[in-house]
Amino acid sequence: MITIIASFQVKPECVDEFKAMATECVEASRKEEGNSSYHLYTGLTDKTKFFFVENWKDAKAIEEHNASAHFQKFAGTFSPLISGAPVIEQTTEI
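The shown structure was predicted, so the numbers you read here are calculated from the model rather than taken from an experiment.

A. Fine view of the pairing of strand 3 (residues 49–56). Examined bridge by bridge, strand 1 (residues 2–9) and strand 3 share eight bridges and lie antiparallel to one another. Directly across from isoleucine 5, in strand 3, lies its bridge partner valine 53. Relative to strand 3, strand 2 (residues 35–42) is paired through seven bridges, and the arrangement is antiparallel. When the bridges of strand 3 are listed, tyrosine 38 appears paired with glutamate 54. With antiparallel pairing between neighbouring strands as the criterion, strand 2 and strand 3 make up a hairpin whose turn holds six residues.

Right, here's the structure in full:
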């Protein structure tokens, strides 16, 4: 299993829009065959920080996810809503 942790610093005036777009992507991603879990979090003290925590069966499942229409839609529209580049880490449990 591969776990992806992706963090985003969202512009304060864009939090609601980012949250709506991200939630739509999460809901669609959970339906993918290779997905074990897909969650969206926000910081406790800084509500402009968002974190995706995703568990995928294997690298092929991630490739299919990255090519999916819902992910492509999200990936193509979030840039104006964030400050800086997202930080994306692929991890595996020890």
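B. Summary view of the nonpolar core. Membership of the largest hydrophobic core comes to 22 residues, with the highest contact counts inside it found for Phe8, Val10, Phe18, Phe52, Phe74 and Phe78. Element by element, the count of residues in this core is highest for helix 1 (residues 15–29), at six residues. When neighbours within four sequence positions are excluded, valine 10 is seen to be in contact with Val15, Phe18, Thr48, Phe50, Leu81 and Ile82.

C. Main features of the pattern of salt bridges. Scanning the entire structure with this criterion turns up two salt bridges. Across the salt bridge formed by glutamate 24 and lysine 73, the nearest N and O atoms sit 2.9 Å from each other. Here lysine 73 lies in helix 3 (residues 69–75) and glutamate 24 lies in helix 1, a separation of 49 residues in the sequence. According to the relative accessible area criterion, glutamate 24 is partly exposed, its value standing at 46%. A salt bridge links glutamate 64 to lysine 60; its shortest N-O distance comes to 2.7 Å. Placement of both glutamate 64 and lysine 60 in helix 2 (residues 59–67) is noted, with a separation of four residues, approximately one turn of the helix. Looking at glutamate 64, the relative accessible area reads 43%, which means it is partly exposed.

Reading the values: rules and limits
Residues numbered from 1 in each chain as written. Predicted model: local features only at pLDDT ≥ 70, side-chain atom pairs only at ≥ 80, totals over all residues. Heavy atoms only, no water. Pairing = 2+ DSSP bridges. Helix = DSSP H or I, 4+ residues; strand = E, 2+ residues; numbered from the N terminus. Core = buried A, V, L, I, M, F, W, Y, C linked by side-chain atoms within 4.5 Å. Buried < 20%, exposed > 50% of the residue type's maximum accessible area, 1.4 Å probe, protein only. Contact = heavy atoms within 4.5 Å. Salt bridge = Lys/Arg side-chain N within 4 Å of Asp/Glu carboxyl O.

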